[in-house]
Every structure is written in C-alpha cells, then in structure tokens.
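Now for the letters of each chain:
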Amino acid sequence: MADCIRALAIDAVEAAKSGHPGMPMGMADAATVLFSRFVKFDAADPRWPDRDRFVLSAGHGSMLLYSLLHLTGHAGMGIPELKRFRQLHSPAAGHPEFGEHPGIETTTGPLGQGIATSVGMALAERLLAARFGKSLVDHRTWVIASDGDLQEGVSHEAASLAGHLALSKLTVLWDDNSISIDGDTALSFTDDTLKRFQAYGWAVRRVDGHDHEAVAAALTWAQRSRKPTLIACRTIIGFGAPTKAGTAGSHGAPLGEKEATGAKSAMGWNHPAFEVPEGLRERWATVGSRGAGARRSWLKRLANHPQRDEFERAVVGKLPEGWHLPLAALRARHAEEKPKIATRIASQRALEALVPAVPEMVGGSADLTGSNNTNVKGVPSVAPGNFAGRYIHYGVREHGMAAAMNGMALHGGIIPYSGTFLVFSDYMRPAIRLAALMRQRAIHVLTHDSIGLGEDGPTHQPVEHVASFRAMPNVFVFRPADAMETAECWELALRRADGPSLLALSRQNLPALRTDAGENRCARGGYVLEEASGPRRATLIATGSEVHLAQAARTALEADGIPTALVSLPCWELFALQDESYRAEVLGSGLRVGVEALIGFGWERWLGPDGIFIGMTGFGASAPAEHLFKHFGITTDAIVAAVRKKLG
Ligand SMILES: Cc1ncc(C[n+]2csc(CCOP(=O)(O)OP(=O)(O)O)c2C)c(N)n1
Ligand SMILES: [Mg+2]
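Residue positions within a chain follow its written sequence, with the count starting from 1. All chains are assigned letters beginning with A, and all ligands numbers beginning with 1, in the order in which they are written. For this predicted model, a pLDDT threshold of at least 70 governs which residues receive local features, and a threshold of 80 or more governs which side-chain atom pairs are given and counted, while totals over whole chains, interfaces and linings are taken from all residues. Based on all heavy atoms of the structure, the side-chain values leave hydrogens and waters out of the count.

(A) The arrangement of the nonpolar core in detail. By size, the foremost hydrophobic cluster in this structure holds 75 residues, and its most contacted members are M361 and W490. Dropping the residues within four chain positions of it, W490 is found in contact with S347, A350, L351, L354, M361, Y417, I443, V445 and L503. Residue types Ala, Val, Leu, Ile, Met, Phe, Trp, Tyr and Cys, when buried and joined through side-chain atoms within 4.5 Å, form a set referred to as a nonpolar core. Accessibility here uses a 1.4 Å probe with only protein chains present; expressed as a share of the type maximum, an area under 20% marks a residue as buried, one over 50% as exposed, and anything in between as partly exposed. If you look at the next biggest cluster of nonpolar residues, it comprises 71 residues, including V55, M121, L123 and A404. In what follows, a contact means two residues having at least one pair of non-hydrogen atoms within 4.5 Å.

Here is the structure:
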C-alpha cells in the first residue's frame, strides 16, 4: 500500500517535470500506517466536523497528501488531477493549497507554518469540546513535519505553547531523514530534538519509520499520552531510489527516467505510470470508508443534541442572531457621551459588547493584555487542563499566536482575535499572509500604531507596517479615528468571514469626531466627515489619530475663506471597492492632502500627482508624543501652511 504512494509520487513529479519525490517516498510507510489504522475520517465527507485533522507541514511533499486523498477515494482527486500535478487550475498544486480540495486542511509550504497551525487546530478542538461536549467534539490532530519545520522558529514557539497547554491529542510525526536541501542536516542542525520537545512538555519516541509495526505501536502509545507527542520516524529520503535514496538529490527534483525505473523495480512495482493495481486500490478504498460508521453515529448524536443548532451555526461561521445589538447600543452611547479615549480603549469597549454576544470569539495577546486592552472582564483564561476559558495568554510568541489563530479559524467554530503592538506585526507576517491566502477570519488588534506612542522610541514606533499590509492581498487594515469608528471597524472585521482584519489602534487619547450613530460609515472605507462650505478648493484626507489634526486644519482654512472638506479614510481596501463615482465625490477635485503619521508609501493612489502628503519619511524617535508630532511636522499648523502655500 505504501508503494502506491511512492509510485504515484514518482509518476506525478516526472509528469510535471518538477516537484519533490523524496519526502513522499520516505514517509509513505508511516503515512500508510497512520491513515489505514489511526486517522478518523470518511472520504465521503471530508468536511465532517468531528474528523481528525491531518496537516502535512512539510508542504513540499504535497504528493504524499494528494496520493492519500486519491487512494482513499476522495472525490476531486482522481488520476486526471494527479496527472496535472502543479499545472494551472489543478487541485494538486505545487504545495497544498487550502480551498483547492476539501481534504486539504491548510495551506503549507512555508516551513514551520503547518505545525504551528496544527497547534491552533488542536486547541480549537479542546475549546469546542469544552463548549459542546465530547459527544460532538472528540478528534485528534496529526502532523507530518520535516527537519526544516522543526528548525523554523515558529515551530519552537508553537511546540512550547502546545506543551504548556498539554494538548495531548496532537501528534507530530517527524520525518527524521537527516537530509535537507544543502545536504546532511548535520551541517546546521545538531540539537537533540527529542530532548528539546521533552523540555517543552511533550512525550517523545523514536522509531524506524519504515517499520510498520513500530510506527503503529508508537501511534497507539501517542493516543494514550496525556501530553502532545512527537514521534521521530527515522526514514530514508527517496526510499528505494537506487542512487538518490538517502541524498538531497531526491528532495526537490524529478528522479529522472532511469532512477524512477530503478526505484520501481526495487519495490517490485511493474505497473504502467499512474496505474494502481485493483487489489491495492480496493484495500485503499476500504481505508477511505473506515470512518463511515463513526460518522453515521456522530450524525445521530448531533441530530439529538440539545446544542445542535448552536453547534451548526458556529461551525459554519455564521454569527449569532442579534450579535450586533450590544454594539449598536455602544455606538449610541458614544454618540451621546463623545468619549475622549484612545482607540485601543475604544476597542476594549467594543469587545465588552461583542465577546458576551459572540461565544465563538476567543481572544488573546502576546503578553500585552493590559496594553492591547484585549481582555474582557469576567472572561476566564484558558489554562492547561481547563479549556472552558475564552482568553489565551499566548506568551511572547507573536508568530506562534498568529499561526495558531489560523489553525483555530480553519478548524471552524472559533473566531480568534489577538493583540500585540503594531510594530511586532512583523513577527506575525508569514502567518497573516497565509490567513489572507486561505481567506480566514483572524482579527488582530494592533495597538501603539504610530509615533503617537511616544517615549518607547523608534523600535516600538511602526512607520511602514500599515503600508506593507495595505500591499498584501486580501488583508483589510482598519485605522479608526475615534471611539465611534473603532466600534464600526470592529463590526466590519467580525462580519468579514473571508479574510483577516487588522485594527491599527492608538495608545494616546483621541477626541470624539463623530456624533451620528446610525449608519456604519466606515463600511465604505472612507467618507466625508465634514463637507466644505463652498466649492471645494482642498480636501484633507486622514486616518486614525491624525483625523482630528486635519479637522482643526480644516476649521482654520475655512476661516481663511478656503472651502475645505475633511475625509476620514479608515479602510483603504473597502474604499477601493466602492464605485468610481463615490470615490471621486469623496476625494474631490481640489487639492488633496493626505495626513497619516506613517510612511507615505501608497498615498499617491488617493492624492494623485499634485497632492501633498504629511507624515513620516523615516523612523521615529524617543520623546513624548506631542514633541514628536511637532518634530516630524505632523501638526495642524503644518497642514494649514502646506495648503496655503500650494494654493498660493
Ligand atoms: C520558510 C521556508 N524556508 C525555505 C523553504 C525552502 N525549502 C523547501 S524544503 C526545504 C528544506 C528541506 O529539508 P527538510 O525540511 O528536511 O525536507 P526533506 O528534504 O527532508 O523532505 C527548504 C529550505 C521553505 N519551503 N520554507
Ligand atoms: Mg529532511
């Protein structure tokens, strides 16, 4: 049965003239044991909510996953698809892509992401089991990870968190083949990996990855463990290839005809390319339906479960009836009270309205809870052995946090939100990029969003981050200007089911600019906050903490007899989705001035060739915030002077 995987991997890589045969050939034995005896799944419904999750963290070995999906009889992964491995519109893409086939649990390829994502999946399982009970939620998370996965820093963060939380239903099979691209892993990787994981709180074992019974025994042991488990599977990369086995030569290139033929004859495989003999095909098909009975019983349990509707709603990601009513009440209160608060505090107020109303929201922070204002009073924390909480202390592990959140979102039934400083979004970028690519709802609260944070200085003052995320496809960046806009942006972030949202929030207090609570004006991305008194000569366009500076400038310009409009532009991505005429109306035909205490990269999109940008041109500095705004020329006076100068 394992030879079927090897043969298909060889054939598909040969046909594509590119790909990675070595890893599928080396891990075929362990994967066959795992799937044929341990993974709970039913090929007839790959999205069955209580299935075990399988993550191929070493995404370059994608043919291992595609072969398994094919052999176990999943629809949509037939021989024609395998023959089109790595071709346009094939579900069998170069690396596993979430959404290309329902049996692909997550996108992998950037090493380390898969294993870190799987920690979030295993955590989501525990959280949902605590909410809905074992009769609906009782499954495991299995991972195949390579040397590169375990070298990557994010896997260290994630493994440390998994060990701390004792996620005992998580098992990682390490493809311990001592080979990576540059050659022997001894070139760069001499840690005692098993001891390292043991120190994280994992239970560990080493087996011969080609000995089926030894692998089975280790997997049985893993199922009984009270800790997450790492099984080091000693394997030979490119197993069976006459000259390339055990070498980096089998890692990432077709074996070539001679070597491929040699590998097949070594395993006694004499079938034409892409042909699986009938007997083996049947045995694999049996594997594909092994979980059918378990799924049927589960469906019966679900049908009679008192929380059935709630479970089904949460799992498909539908928000509860009336979820936005407390938020609407908060907005009405803001309109009345006009609070002068930091937008991070306004975000906390929004969370106080949302978290009780949306039970699938699970928050957390990378050790900045008090600064990010991400927790809500009365919401208990998640702790080892206690998964009834809804707040996670991720520790100072931003990357692991963002990757685990992807896993929670992918698992379903959880809407994760996080917190850290905007500047440290750099530490989360690879995971945010995957959330964007996979269209996952992960919400990041990113506070201390400019030089406005003051004394902590340039290491802590983001300048380029917002621009860089505006450049990333399918990410929504929100930079609200006051408490009202913050509530509106939170509503939009939560509604957005098909991609990540980032909320860039101020440390410093900001005056209330909005007194209307009816329409969610941020929904159009940008809008005229104050219209000019006559035909517009200038339009001041600002975001976040700079909108009030622009507002004061507008007042001064109007007093000077220069009809000036004020535009708030909290979400560029939503604004870009509006029709041309709306955008033209908002931006106006007069002089356009952009104001944002960040790098101006990208602003020309709204300002045009004759516009003026007032913001940062380099890194910040350490000083009280009001001194910094003056020092860097981001002030009401500077805006007024620039407009006067330009208009003559
Ligand atoms: C973050 C990241 N860096 C680099 C790569 C490029 N890359 C692909 S596989 C690999 C290492 C291969 O070694 P290993 O992980 O042991 O896999 P094996 O060759 O054993 O299958 C590298 C560096 C990547 N995919 N992701
Ligand atoms: Mg390796």
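Still more to cover.
(B) Up close: the state of the cysteines. Cysteine sulfur atoms are paired as a disulfide whenever they come within 2.5 Å of each other. The tally for this structure, following the rule as stated, stands at zero disulfides. C4 takes part in no disulfide bond, and the closest cysteine sulfur to it belongs to C233, at a distance of 20 Å. On the basis of relative accessible area, C4 is assigned to the buried category, the value being 0%.

(C) Looking closely at the site of ligand 1. For this purpose, a residue is taken to be near a molecule or strand whenever a single non-hydrogen atom of the residue falls within 4 Å of it. The local shell around ligand 1 holds 15 residues, among which H60, S146, G148, N177 and H251 are the closest. In the analysis that follows, any N or O atom pair within 3.5 Å is treated as a polar contact, provided that within protein one partner can donate a hydrogen and the other can accept it, and provided that, for residues neighboring in sequence, both atoms belong to side chains. Taking L111, its main chain carries an N or O atom lying 3.1 Å from a nitrogen atom of ligand 1. Between ligand 1 and H251 there is a distance of 2.6 Å, counted from an oxygen atom to a side-chain nitrogen or oxygen. The protein chains shown are the only cover counted for residues, whose accessible areas, like all others here, come from Shrake-Rupley with a 1.4 Å probe. Burial of ligand 1 by the protein amounts to 74% of the accessible area it has alone, namely 570 Å². Secondary structure elements with two or more residues in the shell around ligand 1: α6 (147–151) and β4 (179–180). Under the grouping applied here, Gly and all other residues not named as nonpolar or charged are polar, the nonpolar ones being Ala, Val, Leu, Ile, Met, Phe, Trp, Tyr, Cys and Pro and the charged ones Asp, Glu, Lys and Arg. For the shell around ligand 1, the per-class residue count stands at six nonpolar, seven polar and two charged. For helices the rule is a DSSP run of H or I covering at least 4 residues; for strands it is a run of E covering at least 2, with both sets numbered from the N terminus onward.

(D) Highlighting the sheet that holds strand β12 (residues 443–447). A pair of strands counts as paired when DSSP detects no fewer than two bridges linking them. With parallel pairing, six strands are arranged side by side in an open sheet as β10-β9-β11-β12-β14-β13. Pairing within the sheet leaves two strands with one partner each, and these edge strands are β10 (391–393) and β13 (476–478). Mean inter-strand twist for the sheet, computed between neighbouring axes without regard to direction, equals 20 degrees. Judged from the five bridges that link them, β12 and strand β14 (residues 501–505) form a sheet pairing that is parallel. Across the sheet, V445 pairs through a bridge with L503, a residue of β14. Each of β9 (361–365), β11 (415–421), β12 and β14 touches helix α15 (residues 343–354); the most contacted strand, β14, lies at about 135 degrees to it. Here an angle of 0 to 180 degrees is reported between the N-to-C directions of two axes, which are lines fitted to C-alpha atoms, with helices fitted over the stretch in contact.

(E) Geometry of the coordination of the magnesium ion (ligand 2). Nitrogen, oxygen and sulfur within 2.8 Å of a metal are treated as its donors, or within 3.2 Å for sodium, potassium and calcium (Na, K, Ca); water is not counted, so a site can appear incomplete. Protein coordination of the magnesium ion (ligand 2) is provided by D147 (OD), N177 (OD1) and I179 (O), with donor distances spanning 2.1 to 2.2 Å. Sequence spacing among the residues donating to the magnesium ion (ligand 2) works out to D-x29-N-x1-I. Of this pair, D147 sits in helix α6 while I179 sits in strand β4, and the two are 32 residues apart along the sequence. Taken as a pair, D147 and I179 share a single burial class, namely buried.

(F) Inspection of the packing of aromatic side chains at higher detail. Any two of the Phe, Tyr and Trp rings considered here, Trp counted by its six-membered ring, make a pair once their centres fall within 6.5 Å; the pair's planes then place it as stacked at under 30 degrees, edge-to-face at over 60, or tilted in between. Evaluation of the coordinates by the stated rule reveals 18 aromatic pairs. Here the aromatic rings of F197 and Y200 are separated by 5.5 Å at their centres, their planes lie at 75 degrees, and the arrangement is edge-to-face. With a gap of three residues between them, F197 and Y200 both fall in helix α8 (residues 193–200), about one helical turn apart. Y200 carries the same exposure label as F197, and that label is buried. Ring geometry for F575 against Y582: centres 6.3 Å apart, planes inclined by 65 degrees, an arrangement best described as edge-to-face.

(G) Main features of the pairing of strand β3 (residues 170–176). Judged by how many residues are buried, β3 sits mostly within the fold: seven of seven residues are covered. Across six bridges, strand β2 (residues 141–146) lies against β3 in parallel orientation. Paired with A145 across the bridge in β3 is W174. Alignment of β3 against strand β7 (residues 229–234), held across six bridges, turns out to be parallel. For D176, the partnering residue across the bridge sits in β7 and is R234.

(H) How the structure looks around the side chain of R6. Note on placement: R6 falls in helix α1 (residues 2–16). Ignoring anything within four residues of it in the chain, the contact list for R6 reads P24, M25, A28, D29, F239 and M267.

(I) Geometry of the packing of helix α7 (residues 153–165) against α8. The interhelical angle for the contact between α7 and α8, taken along N-to-C directions, is 45 degrees, at an axis separation of 8 Å. With respect to α8, the axis of α7 lies oblique. Contacts from H156, A159, S160, G163 and H164 of α7 reach α8 at R196, F197 and Y200. Here the contact of α7 with α8 is composed, by residue class, of three nonpolar, four polar and one charged. Roughly parallel here means an angle under 35 degrees, roughly antiparallel means over 145, roughly perpendicular means 65 to 115, and every remaining angle is called oblique.

(J) Up close: the pattern of salt bridges. Note on definitions: salt bridges are taken to be side-chain nitrogens of Lys or Arg within 4 Å of carboxyl oxygens of Asp or Glu. Taken as a whole and assessed by the stated rule, the structure comprises 39 salt bridges. For the salt bridge of E596 with R470, the shortest nitrogen-to-oxygen distance reads 2.8 Å. A residue pair is termed long-range when its members are at least 10 positions apart, and E596 in strand β19 (residues 591–599) and R470 in helix α19 (residues 465–470) qualify at 126 residues. A relative accessible area of 13% means that R470 is categorised as buried.

(K) Summary view of the sheet that holds β3. Taken together, five strands build an open sheet; the order of strands is β1-β2-β3-β7-β6 and the sheet is parallel. Looking along the sheet, the strands with just one partner apiece sit at the ends: β1 (53–56) and β6 (203–208). Strand-to-strand twist across the sheet, computed as the mean angle between neighbouring axes with direction ignored, equals 20 degrees. Contacting β1, β2, β3 and β7, helix α2 (residues 22–37) runs over the sheet at an angle of about 150 degrees to β3.

(L) Highlighting the environment of T117. Tracing the backbone shows T117 in helix α5 (residues 113–132). Judged by its relative accessible area of 0%, T117 is buried. Separated by 12 residues in the primary sequence, T117 and E105 place their C-alpha atoms 10.0 Å from one another. Residues within four places of T117 in sequence aside, it is in contact with T106, A403, N406, G407 and L410. Of note is the side chain of T117, whose polar atom sits 2.7 Å from the backbone oxygen of Q113.

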